[in-house]
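Examining the three-dimensional arrangement
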Amino acid sequence: MRAKANRTLEVDGEETALLWNYMSEQQIVGKYNVDIPKRNGDLGRKATVSVSTSEIRLLGNGKSKRPISLYAVFAKESNPPEGEKGIEWMLLTDLVIENFEQARKIIEWYRNRWEIETYFRVMKGGCQIESNRFRTEQRMLNCIAIYMITGWRFHSITTRARRLPDTPSTSVYSKKGWRMIRMMRDKTIPPDVPPSVRKITRMLAGLGGFLGRKGDGEPGVKTVWQGYTKLVHYIEAAEALNEIKRCL
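Bear in mind the structure is a predicted one, so any value in this text is a computation, not a measurement.

**Regarding a nonpolar patch on the surface**
There is a patch of nonpolar side chains on the surface, built from L241, I244 and L248 and spanning about 350 Å² of accessible area. Checked against the element boundaries, L241 lands in helix α7 (residues 221–247).

Structure (structure tokens):
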């Protein structure tokens, strides 16, 4: 490993661990605060990260692996709380990083990774997209298009209930939807005034197995999609029953 005068680091595949030490010694281009969300029982907190950047060049080993020019963005928490493991993110990108704002954008993209992973979890676990066996490409593309909308829908419901809990449920649910959720959960005729999106989403997740205990926090996307599946069945059953009554 060696660093050139123009701050370009050259490193081969066996020396990548040394990249952390190199980036720790680079000049800090900026600092800013990031929110660390609650996870696995840990309380959320704010962290101040120092950001440094450098152009690097990964040297290929052998004839089949050519050198690659990349940019490294290194974010390290300045003063983590006592007993807490501080943030250290090493991000590599093929986008040119020439200033702090560009580096910060890369970090924010990285921080959204969990939302992206959750979205694809809905696609795989909720929609069972990998279980399809289509014979033509067009049928698969049509299915993916529908599942992308469905995945966004479940993810949007879960996120809105957490970030905008006091907004009316009508911002997410139809009147038929939220009333059916209330009836199936409370076993009573629902009121005319729609509840908050948080309250009705917790009820919906309850249909999918969410217990709502004191330490459970807010429902995740899995219980939301499981509850929504039951909701669709309840609505279909109610509509079928109404048709039968009209025919009698």
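**A few points about the environment of R163**
With respect to the helices, strands and loops of the structure, R163 is situated in helix α4 (residues 137–163). Separated by 35 residues in the primary sequence, R163 and R198 have C-alpha atoms spaced 9.2 Å apart.

**Considering the packing of aromatic side chains**
This model, assessed by the stated rule, comprises 4 aromatic pairs. Here the aromatic rings of Y32 and F100 are separated by 6.1 Å at their centres, their planes lie at 70°, and the arrangement is edge-to-face. Residue Y32 is located in strand β3 (residues 28–36), and its partner F100 is located in helix α2 (residues 100–111); the two are separated by 68 residues in the primary sequence. As far as burial versus exposure is concerned, Y32 and F100 are alike and both buried. The residue whose ring lies beneath R113 is Y110, and the NZ or CZ to ring-centre distance is 4.2 Å.

**Here we look at the packing of α4 against helix α6 (residues 197–207)**
Two numbers describe how α4 lies on α6: the axes approach to 8 Å, and their chain directions differ by 130°. Viewed along their axes, α4 and α6 adopt a mutual orientation that is oblique. Remark: the crossing between α4 and α6 carries left-handed chirality. For the pair α4 and α6, contact is made by I157, R160 and A161 and by V197, R198 and T201, respectively. Taken together, the residues of the contact of α4 with α6 sort by class into 3 nonpolar, 1 polar and 2 charged.

About the thresholds
- Residues numbered from 1 in each chain as written.
- Predicted model: local features only at pLDDT ≥ 70, side-chain atom pairs only at ≥ 80, totals over all residues.
- Heavy atoms only, no water.
- Patch = residues over 30% accessible without salt bridge, like charges linked within 9 Å, V, L, I, M, F, W, Y side chains within 5 Å.
- Areas by Shrake-Rupley, 256 points an atom, 1.4 Å probe, with all protein chains shown as cover.
- Salt bridge = Lys/Arg side-chain N within 4 Å of Asp/Glu carboxyl O.
- Helix = DSSP H or I, 4+ residues; strand = E, 2+ residues; numbered from the N terminus.
- Phe/Tyr/Trp six-rings, centres within 6.5 Å; stacked < 30°, edge-to-face > 60°.
- Buried < 20%, exposed > 50% of the residue type's maximum accessible area, 1.4 Å probe, protein only.
- Lys NZ or Arg CZ within 6 Å of the ring centre and 35° of its normal.
- Axes fitted to C-alpha atoms, helices over the stretch in contact; angles between N-to-C directions.
- Parallel < 35°, antiparallel > 145°, perpendicular 65-115°, else oblique.
- Left-handed = near helix turned anticlockwise from the far one by under 90°.
- Contact = heavy atoms within 4.5 Å.
- Nonpolar A, V, L, I, M, F, W, Y, C, P; charged D, E, K, R; others polar.

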